[in-house]
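Now for the letters of each chain:
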Amino acid sequence: QVQLVESGGGLVQAGGSLRLSCTASRSINSINAMGWYRQAPGKQRELVARITTAGTTNSADSVKGRFTISRDNAKNTVYLQMNSLKPEDTAVYYCNAVGVWVGALLYADTFWGQGTQVTVSS
């Protein structure tokens, strides 16, 4: 079991910045991939950004150039730096972890945080 604790959400004016944090209950080096998803009212949950243990990242086209995902292995924490925020970025943001390494075995488990609200005013 992996617990994910998110923080950093809040209310910000358009053009502002926020940094979200997701801290895992185990070494993030043992998690194959971690990322951030978001879900706005009436919309499907979508991938925002993802980072693997190898450091490979990918992000949604809608946030490229504005959002950056990074990790601090010593703190077991993944960050999402959000700059130039737009009202359409308003959503609940969820931390996600997929795939847990136990020795040489990869377990196909998925874990979610409780979510943190990001609201961007115009």
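Placed above this text is the structure.
Residues numbered from 1 in each chain as written. Predicted model: local features only at pLDDT ≥ 70, side-chain atom pairs only at ≥ 80, totals over all residues. Heavy atoms only, no water.

Draft legend 1. Summary view of the state of the cysteines. Taken as a whole and judged by the stated rule, the model has one disulfide. Shown here is the disulfide that connects Cys22 with Cys95, its sulfur atoms set 1.9 Å apart. Measuring handedness by torsion sign, the sulfur bridge of Cys22 and Cys95 sits at about -80° and is left-handed. Note that Cys22 is positioned in strand E3 (residues 18–24) and Cys95 in strand E9 (residues 91–102), a separation of 73 residues in sequence. Assigned by exposure class, Cys22 and Cys95 land together as buried. (Disulfide = S-S within 2.5 Å. Helix = DSSP H or I, 4+ residues; strand = E, 2+ residues; numbered from the N terminus. Buried < 20%, exposed > 50% of the residue type's maximum accessible area, 1.4 Å probe, protein only.)

Draft legend 2. Inspection of the pattern of salt bridges at higher detail. Counted according to the given criterion, the structure contains four salt bridges. Of the charged contacts, one joins Arg38 and Asp89 as a salt bridge, the two residues approaching to 2.9 Å between their closest N and O atoms. Of this pair, Arg38 sits in strand E4 (residues 31–39) while Asp89 sits in the loop between strand E8 (77–82) and E9; the two residues are 51 residues apart in sequence, bridging distant segments of the chain. Here Arg38 and Asp89 have matching classes, each one buried. Asp89 is paired through a salt bridge with Arg66; the nearest N and O atoms lie 2.7 Å apart. A residue pair is termed long-range when its members are at least 10 positions apart, and Asp89 in the loop between E8 and E9 and Arg66 in the loop between strand E6 (57–59) and strand E7 (67–72) qualify at 23 residues. Each member of the pair, Asp89 as well as Arg66, is classed as buried. Residues joined by salt bridges that share partners form a network here, namely Arg38, Glu46, Arg66 and Asp89. (Salt bridge = Lys/Arg side-chain N within 4 Å of Asp/Glu carboxyl O.)

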